[in-house]
Amino acid sequence: MAIRWTLVLLLAAGVWLAGPAPCALAHGLIGQRFFPATLAIDDPFVADELSLPTVFHIKLRGSGDTPPTKETDLSGEFSKRLTPDLGFSLAGRFKMLDPDQGKFVRDFDNLEVSFKYVLFKNVAHETLLALGVSWDVGGTGSKTKVDADRFDTVTPSLFFGKGFGDLPDQLEWFKPFALTGALGWAVPSRVRTQTFTTDPDTGEVDVSREFNPTVFNWGFTVQYNLQYLQSYVRDVGLPAPFNRMIPIVEFALQTPVDGPTSGQTTGTINPGLIWFGRYMQIGVEAVVPVNTRTGKNVGILGQVHFYIDDIFPNSLGRPLFGK
């Protein structure tokens, strides 16, 4: 309950601090279409931005010797453009695990380093494509406390975004819709992991081996931009703050392609709402398991996101190279 109230207070404080804005500037803009930074699926833009904090909370079901556990994550990500179309980002997460039976533990998960390059833009059709690669740096987080992997995982990905402002006027109510998505191939550096445990009574050492599958990460978002509706389709008289909101549903899915769980898709469906201003945005989503393999409890995800390229357009928000 405390996490839910924290997210509500963050939303209210952010709206009050950011104030009204005529339009977002550089961040996520192609033609008249503004794409927000999405919470569960990485968006296709490169930008100077900071997500801090991102808060996630859910109760995980138990399995085997593992009891049901409340998980709360606090994470952040900093992204910087090297050129107008090439950027990199650094992301970290602090994980807290509170099992129904057992000791409360908390520590850092692995660091993630990513690069992304926008290779195609079409302003008239509000379309763009990007290629990226992320590196989950094994061993940078705590294995003993939060089960961070000791091996690396490299994920090349394709990102896309498509707005529907080019639809004919007969379909004007569909013009505010937009899709974004990401397709990634997560390859671990170690196919199998050995774990050694010692029996405290006999002193015998037991060796267990865990298979680390290659995973196809795939997902997409469906968005309806109320600011686009009001400004470029039809003025329906929405007052603030509703005229800056984007209802959104994100689908974040993973499918192992080898090993004992090959073909068994897991993931979540995240319905929510994003509010954006000139310098920042705030988003809140429910986290709904897509099937029983994923879990049975609904979680919550919230994020405060700053547009550094709009806050400091002539200094910190500029690409390091190029205009």
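Our structure is the block above this text.
What comes next is a walk through the structure. Given the structure is predicted, the values throughout are model-derived calculations rather than measurements.

Definitions and cut-offs
- Residues numbered from 1 in each chain as written.
- Predicted model: local features only at pLDDT ≥ 70, side-chain atom pairs only at ≥ 80, totals over all residues.
- Heavy atoms only, no water.
- Helix = DSSP H or I, 4+ residues; strand = E, 2+ residues; numbered from the N terminus.
- Buried < 20%, exposed > 50% of the residue type's maximum accessible area, 1.4 Å probe, protein only.
- Contact = heavy atoms within 4.5 Å.
- Areas by Shrake-Rupley, 256 points an atom, 1.4 Å probe, with all protein chains shown as cover.
- Salt bridge = Lys/Arg side-chain N within 4 Å of Asp/Glu carboxyl O.
- Polar contact = N/O pair within 3.5 Å; in protein donor to acceptor, adjacent residues only side chain to side chain.
- Pairing = 2+ DSSP bridges.
- Core = buried A, V, L, I, M, F, W, Y, C linked by side-chain atoms within 4.5 Å.
- Lys, Arg positive; Asp, Glu negative; His and termini not counted.

## Observations concerning the overall build of the protein chain
Moving on, step 1. Along its length, the protein chain carries four helices and 17 strands.
Moving on, step 2. In the protein chain, buried positions account for 41% of the 323 residues.
Moving on, step 3. Residue pairs in contact within the protein chain that sit at least 24 positions apart in sequence constitute 61% of those at least 6 positions apart.
Moving on, step 4. Split by element, the accessible area of the protein chain, about 16800 Å² in all, is 62% carbon and sulfur.

## Some details on the pattern of salt bridges
Moving on, step 1. A complete count under the given rule lists 14 salt bridges for this structure.
Moving on, step 2. Residue Arg93 is joined to Asp73 by a salt bridge in which the shortest nitrogen-to-oxygen separation is 3.2 Å. Taken together, the positions of Arg93 in strand E5 (residues 86–99) and Asp73 in strand E4 (residues 69–83) put the pair 20 residues apart, joining distant regions of the chain.
Moving on, step 3. Using a relative accessible area of 30% as the deciding quantity, one classes Arg93 as partly exposed.
Moving on, step 4. Salt bridges sharing common partners tie together Asp73, Arg93, Lys95 and Asp109.

## What to know about the environment of Trp218
Moving on, step 1. Looking at where Trp218 falls in the secondary structure, it is placed in strand E13 (residues 215–224).
Moving on, step 2. Within polar-contact distance, the side chain of Trp218 engages the side chain of Thr255 at 3.0 Å.

## Remarks on the environment of Pro68
Moving on, step 1. As for its position among the elements, Pro68 is in the loop between strand E3 (49–60) and E4.
Moving on, step 2. If we skip the residues at most four places from it in the chain, Pro68 touches Lys59, Leu60, Arg61, Gly62, Asp98, Pro99 and Asp100.

## Remarks on the pairing of strand E8 (residues 127–137)
Moving on, step 1. Sheet topology places strand E7 (residues 111–122) next to E8; 11 bridges connect them, and they run antiparallel. Its bridge partner being in E8, Ser114 is matched across the sheet by Ser134.
Moving on, step 2. Between E7 and E8, which follow one another and run antiparallel, lie four residues, and Glu126 among them has a positive phi close to 50 degrees.
Moving on, step 3. The pairing of E8 with strand E9 (residues 153–163) spans 10 bridges and is classified as antiparallel.

## What about the nonpolar core?
Moving on, step 1. Membership of the largest hydrophobic core is limited to 12 residues, which are Ile30, Phe35, Ile41, Phe45, Val46, Val118, Leu128, Ala130, Phe159, Ala178, Ala182 and Ala252.
Moving on, step 2. Every element with two or more residues in this core is listed here: E8 and strand E10 (177–188).
Moving on, step 3. With residues up to four places along the chain from it excluded, the contact list for Phe45 reads Gly28, Leu29, Ile30, Phe35, Lys116 and Leu128.
Moving on, step 4. Of all hydrophobic cores here, the second largest spans 11 residues; its members include Leu39, Ile58, Phe276 and Leu301.

## Focus on the side chain of Lys95
Moving on, step 1. Relative to the assigned elements, Lys95 resides in strand E5.
Moving on, step 2. Filtering out sequence-adjacent residues up to four positions away, Lys95 remains in contact with Glu71, Thr72, Asp73, Val105, Arg106, Asp107, Asp109 and Val146.

## Overview of unusual backbone geometry
Excluding glycine, residues mostly have negative phi values, and the peptide bonds linking residues are mostly trans.
Moving on, step 1. Cis geometry marks the peptide bond from Leu52 to Pro53, where omega comes out at -5 degrees.
Moving on, step 2. Position of Pro53 relative to the elements: it lies in strand E3.
Moving on, step 3. Omega for the peptide link from Ala240 to Pro241 comes to 0 degrees, which places this bond in the cis form.
Moving on, step 4. The phi torsion at Glu126 lies on the positive side, around 50 degrees, for a residue other than glycine.
Moving on, step 5. You can see Glu126 is positioned in the loop between E7 and E8.
Moving on, step 6. A positive phi angle is found at Asp147, which is not glycine, with a value near 60 degrees.

## With respect to the side chain of Glu285
Moving on, step 1. Within the secondary structure layout, Glu285 lies in strand E16 (residues 280–289).
Moving on, step 2. Despite its burial, Glu285 pairs with no opposite charge, the nearest such side chain being Arg93 at 14 Å.
Moving on, step 3. Polar contacts involving the side chain of Glu285 include one to the side chain of Asn270, which spans 3.4 Å.
Moving on, step 4. Leave out the neighbours within four places in its chain, and Glu285 touches Leu39, Ala40, Ile248, Glu250, Asn270, Pro271, Gly272, Gly299, Ile300 and Leu301.

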